[in-house]
Amino acid sequence: MCGIAGCFSEKGCYEKLLRTLRRLEYRGYDSAGIALLRKNRPRGGYGFSVRKKRGYVSALDGTRLSGSTGIGHTRWATHGAPSDVNAHPHVAGKFALVHNGIVENYAALREELTAAGETFVSETDSEVIVRLVSRCYKGDFFAAVRDACARLEGSYAVAVLCTDFPGEIVCARKKSPLVAAAGKNALYVCSDVPALAGEAEFFCPAGDGEFIRIAGGKIFLCDGDGKEIERPFVRLAAQSALPEKGEGSFMEKEIAEIPQALADTLKSLRRTDFAPCARPLRGAKRLFAVACGTAYHAALALRDMVEEEVKIPVLCHTASEFRYRGPLIGEGDVLVAISQSGETADTLEAARGAKERGAYVVAVTNAAHSSLAALADFSLLLHAGPEIAVAATKSYVCQLLCAWYLAAQTLFFKQTRLPAWFGELDRLPEAARAALGCDVSALAEQFSGARGMYFLGRGQDVVTAMEGALKVKEIAYIFAEGYAAGELKHGTLALVEEGFPVAAACTVRALAPKTCNALAEVKARGGVTVLLSQYRDLAAAADVFVALPPLPEPLMPAVAVIPLQKFACDMCRRRGYDPDKPRNLAKSVTVE
Ligand code: M6R
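Predicted, not measured: the structure shown is a model, and the values here were computed from it. (Residues numbered from 1 in each chain as written. Predicted model: local features only at pLDDT ≥ 70, side-chain atom pairs only at ≥ 80, totals over all residues. Heavy atoms only, no water.)

*Asks:* Please set out the packing of aromatic side chains residue by residue, giving values where relevant.
*Replies:* Inspection of every chain in the model, using the stated rule, returns 15 aromatic pairs. Relative to Phe378, the ring of Phe274 has its centre 5.7 Å away and its plane inclined at 45 degrees; by these criteria the two rings are tilted. Of this pair, Phe274 sits in the loop between helix H6 (258-271) and helix H7 (278-283) while Phe378 sits in strand S20 (residues 378-381), and the two are 104 residues apart along the sequence. Residue class for Phe274 comes out buried when judged on its relative accessible area of 5%. With a relative accessible area of 7%, Phe378 lands in the buried category. For the pair Phe412 and Phe413, a centre-to-centre distance of 6.3 Å together with 65 degrees between the ring planes defines the contact as edge-to-face. (Phe/Tyr/Trp six-rings, centres within 6.5 Å; stacked < 30°, edge-to-face > 60°. Helix = DSSP H or I, 4+ residues; strand = E, 2+ residues; numbered from the N terminus. Buried < 20%, exposed > 50% of the residue type's maximum accessible area, 1.4 Å probe, protein only.)

As structure tokens, this is what we get:
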């Protein structure tokens, strides 16, 4: 999704912005641009130098633009196709602006501004903001941005330049993330912390509805009335830096990092003080869980584990639906919001809504300084390390671990005992390493030309099936369905014909006969079957058997998914695609 950056630096401002934009690339984008305030010679005064292009940040390389105050943007198209004209920054009169978010009332504003004489050049909702700022301007730059923002509905993080105020950048945020930062001889604003690594030494996230101003060589946070907020900047940890890709793709690298990510997450969980959430968890008669995409699958796994161990219901919702259902959540309820980035707009909104209704919010996130972590009453941190590939892999497995750990703590708070598998969590990293050894390349070769496939499971394996299908759709662009095996006969089976691939995960002994029956029904119709299980005696039930490393059954989803992640990645490669850049998708989905 869109990333925004701003920089004030007497030296090398353009290069600093370019480097920051490169580090925002992982969020997913289709065009990029930079604007710098430039001295007009010989007339005096200031104007803008703008370079913006459809395509990659590398398209902005070339002669550097001079100037010490600038803004930059990576755009993920929402309103208007990816094009040079729709790329940010947008300029109106004395102002240039970059925006991340969606202006929901942009059509009405555009009509109003057009009637007032503005001529729009792009199709974006963002151009409305810069024209509004320009119209609100009466000589006070900061006031103009505040007044314009007051008219906006939806979400935004904006950074604005004004030719009357060289050396100043005014930024605002509502829902979309924004961070203030300071480095040696440079001040920054940016959409996320990792993109500042190597540039800034200290940072401070802006809160919702707050503003950031760079002026007079200083950086301030301000409230909605323009009053300065005292909030300390914190040191940017070295581990916040984005990793180098090395050979292969980020996705392959991140799958290979799963054992370490699990070990690090487990170590951190063991050190986490759960005391603050003891009372809400002990008192909760039910839990709610919200998330999107892969994280939603982790939420389903939380549901499975809590219902099995704690015997209280978990109401699991995709975050985008939760808020529109008028959820029956309130005081005494606990909502668990799971998000790798901690910036997914739908998940944030769901968590906000739950908090407003009086629920206690637990965040499970990989980003300690994210908006979700800031909003939550309690945060459980994954220590998966930066995940750059759009497809979630190591973060998913760590989310499972956190979800189960939370289930165990809930049981402890309610019944002062821990689940039988709790002491076995230490085996997870080694088992994950063994699962990395599962060779699925022949399978990928066999199915890389398939037009569609099914993933099946029962009980806890349904979630693995859903996650496997999502991975295959997301990066191999093959239609896939993840399904409860028992549903096969209720419609799905109609599509099975000669050669149709169906893979099932079966990690629960008691459910094996039923899962194997489903595979038999597929085989009887000519389908090609694959079974993933730790129970080798089930091998004959499928055409191809993938042996999983053994663990206590409840923990098996953490290893069963790994061969499926590898399979999707391998299929993607064989079909000639880049696993790190799935079409139309973004890593950080910061708009609803
Ligand atoms: O950052 P989040 O965990 O909130 O992201 C949620 C989803 O957008 C994400 O899991 C998405 O489904 C993945 N790209 C799937 O691999």
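*Asks:* An account of the site of the ligand is needed here, citing residue identities and associated values.
*Replies:* Of all residues adjacent to the ligand, which total 13 residues, the nearest are Ser339, Gln340, Ser341, Thr344 and Glu474. Thr344 is positioned such that a nitrogen or oxygen atom in its side chain is 2.4 Å from an oxygen atom of the ligand. Taking Ala392, its main chain carries an N or O atom lying 2.8 Å from an oxygen atom of the ligand. Mapped by element, the contributors of at least two residues to the shell around the ligand are helix H8 (293-309) and helix H15 (461-476). (Near = heavy atom within 4 Å. Polar contact = N/O pair within 3.5 Å; in protein donor to acceptor, adjacent residues only side chain to side chain.)

*Asks:* Before we move on, can you summarise the domain arrangement of the chain with the specific residues and values?
*Replies:* Taken domain by domain, the chain consists of domain 1 (3-235), domain 2 (244-419) and domain 3 (436-580). Between the C-alpha centres of domain 1 and domain 3 there is a distance of 46 Å. (Domains from an automatic or database assignment.)

*Asks:* A description of the pairing of strand S21 (residues 452-457) should follow, citing residues and the corresponding values.
*Replies:* Each regular strand displays side chains that alternate between the two surfaces of the sheet. Burial runs high along S21: 6 of the 6 residues are buried. Both faces of S21 are covered, namely the face carrying Gly452, Tyr454 and Leu456 and the face carrying Met453, Phe455 and Gly457. Taken together, the 6 bridges between S21 and strand S22 (residues 479-484) define a ladder with parallel strand orientation. Counterpart to Leu456 in the pairing with S22 is Tyr483. (Pairing = 2+ DSSP bridges.)

*Asks:* Would you mind going over unusual backbone geometry in detail, with residue names and values included?
*Replies:* Along the chain, His88 connects to Pro89 via a cis peptide bond; the corresponding omega equals 0 degrees. You can see Pro89 is positioned in the loop between strand S4 (69-75) and strand S5 (90-92). Its identity as a non-glycine residue notwithstanding, Asn185 has a phi of 60 degrees, on the positive side. Topologically, Asn185 is positioned in the loop between strand S9 (179-183) and strand S10 (186-190). Even without glycine at this site, Thr416 takes up a positive phi of about 40 degrees. By the element assignment, Thr416 lies in the loop between helix H12 (394-415) and helix H13 (428-436). For Thr416, a relative accessible area of 63% corresponds to the exposed category.

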